[in-house]
Amino acid sequence: MQIIDGKKVSAQVKEEVKRQTLELKETHKITPGLAVVIVGDDPASRVYVNNKKKACEFVGFKSEEYALPAETTQEELLNLVETLNNKKDINGILVQLPLPKHLDDKAVIEAISPLKDVDAFHAVNVGKIMLGEYDFLPCTPAGVMEMLHSYNIEVSGKNCVVIGRSNIVGKPMAMLLLHENGTVTICHSRTKNLAEICSQADILVAAVGRPKFVTADMVKEGAVVIDVGMDRDENGKLCGDVDFENVKDKCSFITPVPGGVGPMTISTLMKNTLKACRIQNNI
Ligand SMILES: Nc1nc(=O)c2c([nH]1)NC[C@@H]1CN(c3ccc(C(=O)N[C@@H](CCC(=O)O)C(=O)O)cc3)C=[N+]21
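Residues numbered from 1 in each chain as written. Predicted model: local features only at pLDDT ≥ 70, side-chain atom pairs only at ≥ 80, totals over all residues.

A. Expanded view of the overall build of the chain. The secondary structure content of the chain amounts to 10 helices and 11 strands. Here the C-alpha atoms of the chain give a radius of gyration of 19 Å, agreeing with the 19 Å that 2.2 N^0.38 yields for 283 residues. In terms of overall dimensions, the chain has C-alpha extents of about 50 × 45 × 35 Å along its principal axes. Residues counted as buried form 44% of the 283 residues belonging to the chain. (Helix = DSSP H or I, 4+ residues; strand = E, 2+ residues; numbered from the N terminus. Rg over C-alpha atoms; globule rule 2.2 N^0.38 Å. Buried ≥ 20, exposed ≤ 12 C-beta atoms within 10 Å, placed from the backbone.)

B. Local environment of the environment of Ala 207. Residue position: Ala 207 is located in the loop between strand S7 (203-206) and strand S8 (223-227). Given 25 C-beta atoms within a 10 Å radius, Ala 207 is considered buried. The spatial distance from the C-alpha of Ala 207 to the C-alpha of Ser 156 is 21 Å, given a sequence separation of 51 residues. Residues within four places of Ala 207 in sequence aside, it is in contact with Val 162, Ile 163, Gly 164, Ser 166, Val 169, Gly 170, Met 173, Val 228 and Asp 241. (Contact = placed C-beta atoms within 7 Å.)

C. Spatial organisation of the confidence of the model for the chain. Averaged over the chain, the pLDDT score is 97; the fraction of residues at 70 or greater is 100%. Scored as a whole, the predicted complex attains pTM 0.97, and scored at its interfaces, ipTM 0.98. (pLDDT = per-residue confidence, 0-100.)

D. Seen up close, the environment of Ile 109. By secondary structure assignment, the location of Ile 109 is in helix H4 (residues 105-111). Taking the C-beta count within 10 Å as the criterion, Ile 109 has 20 such neighbours and is therefore assigned buried. The spacing of Ile 109 and Phe 121 is 12 residues in sequence and 6.7 Å in space, taken between C-alpha atoms. Setting aside residues no more than four positions away along its own chain, Ile 109 makes contact with Phe 121 and His 122.

E. Summary view of the UniProt feature "domain: Tetrahydrofolate dehydrogenase/cyclohydrolase catalytic" (unreviewed entry) in the chain. Feature annotation in UniProt places "domain: Tetrahydrofolate dehydrogenase/cyclohydrolase catalytic" (unreviewed entry) on residues 4-119, given in this structure's numbering. End C-alpha to end C-alpha, residues 4-119 measures 24 Å, and it is 51% helix and 16% strand. (UniProt positions renumbered as here; feature names shortened; annotations may be inferred.)

F. Seen up close, the site of the ligand. The immediate surroundings of the ligand are formed by 18 residues, with Tyr 48, Leu 97, Pro 258, Gly 262 and Thr 265 found nearest. Of all the secondary-structure elements, those providing two or more residues to the shell around the ligand are helix H2 (43-59), strand S4 (92-95) and helix H10 (261-280). Examining the composition of the shell around the ligand, we find that four residues originate from one element, H10, more than from any other. Split into classes, the residues belonging to the shell around the ligand amount to 12 nonpolar, five polar and one charged. Two domains each provide a minimum of three residues to the shell around the ligand, namely domain 1 (29-113) and domain 2 (140-261). (Near = placed C-beta within 6 Å. Nonpolar A, V, L, I, M, F, W, Y, C, P; charged D, E, K, R; others polar. Domains from an automatic or database assignment.)

G. Fine view of the domain arrangement of the chain. According to the domain assignment, the chain contains domain 1 (29-113) and domain 2 (140-261). Each of domain 1 and domain 2 has a C-alpha centre, and these two points are 28 Å apart.

H. Summary view of the UniProt feature "domain: Tetrahydrofolate dehydrogenase/cyclohydrolase NAD(P)-binding" (unreviewed entry) in the chain. Under the present numbering, the feature "domain: Tetrahydrofolate dehydrogenase/cyclohydrolase NAD(P)-binding" (unreviewed entry) in UniProt falls on residues 138-279. Here residues 138-279 runs as 35% helix and 19% strand, with 17 Å between its end C-alpha atoms.

I. Structural view of the nonpolar core. Formed by 82 residues in total, the largest nonpolar core has its most connected members in Val 162, Leu 204, Val 205 and Val 225. No other element matches H10, which puts eight residues into this core. Counting only domains with at least three residues in this core, you end up with domain 1 (29-113) and domain 2 (140-261). Discounting chain neighbours no more than four positions away, the residues touching Val 225 are Leu 204, Val 219, Val 242, Val 247, Cys 251 and Ile 254. (Core = buried A, V, L, I, M, F, W, Y, C linked by C-beta atoms within 7 Å.)

J. Highlighting the packing of helix H1 (residues 6-28) against helix H6 (residues 139-150). Two elements in contact, H1 and H6, have axes separated by 10 Å at closest approach and are oriented at 100°. By the angle class used here, H1 and H6 are roughly perpendicular. Where H1 approaches H6, its residues Gly 6, Val 9 and Val 13 are matched on the opposing element by Glu 146, Met 147 and Ser 150. Its residues assigned to classes, the contact of H1 with H6 comprises three nonpolar, two polar and one charged. (Axes fitted to C-alpha atoms, helices over the stretch in contact; angles between N-to-C directions. Parallel < 35°, antiparallel > 145°, perpendicular 65-115°, else oblique.)

K. How the structure looks around the sheet that holds S4. Ordered by their spatial adjacency, three strands build an open sheet running S3-S2-S4, and the pairing between neighbours is parallel. The open sheet terminates on both sides in strands that have one partner only, identified here as strand S3 (62-68) and S4. Sheet twist, expressed as the average angle between the axes of neighbouring strands with direction ignored, equals 15°. Bridging between strand S2 (residues 33-39) and S3 involves seven bridges; their strand directions are parallel. In the sheet register, Ile 38 faces S3, and the bridge partner there is Ala 67. Here H2 sits on the sheet in contact with S2 and S3, set at roughly 170° to S2. (Pairing = 2+ DSSP bridges.)

In structure tokens form, the structure reads like this:
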């Protein structure tokens, strides 16, 4: 069993983004810029936002943070997005989800210019991903693919099972595995015989949002298990969707939480922001 070191792979990706950013500064006098918008004060959200900020500093991006009060109106938020769409020194816009309940997240995502949509959540970018002609890949699924590549884990012809069908992780994850010729099954809350389907997976991706949901009986001997969960256990400690301690010995590869998919999400965001900068400047 090998533990996939997301921190290490993420550091390699960020190192490469840093190198290219420096080159861009020298050759074109351009610095990529990322704006992160966070509405309300969810402490968990704050951790992600701070990690993103640190990564921007490391790779040499300009980063702006807009922390808006929980009472922000839809109109105020849309106005900010519009301002950022028109800001020349900002190449990527990320509005942290989930938004407070009174706000319409769909309308906010669709208001972001597709060229600055470094999450790849906008309908235009989602459509391009379906067609396999994308500019940006969604950060978490792309981070997972990067980990698989880094450990030379072949997807072609493998039984891939994704648990979860969210627009942010499950659906695009399935599509990226399909693009690499995996045989993909998407499971969700209405799936019958979930354990049986999972136990046939060569590559199992858990994106359910329930602590330790994937137990040893659901995992095939020698499987690759990818844990996208960011949950809290009964003691409030960060854990994933996989019962790591009991599952790990059955796996050929497994990702830990923390230190697995999370850091990869952030390094992909850095890659996307650099790409957005290149596209917007025709480089
Ligand atoms: N528009 C938008 N885009 C997102 O990409 C997005 C979002 N909204 N909302 C919230 C989720 C969650 N997310 C994480 C990113 C990094 C870590 C991360 O760095 N985790 C580290 C540290 C975790 C810790 O120590 O708390 C780890 O797993 O090792 C976690 C979670 C991005 N999300």
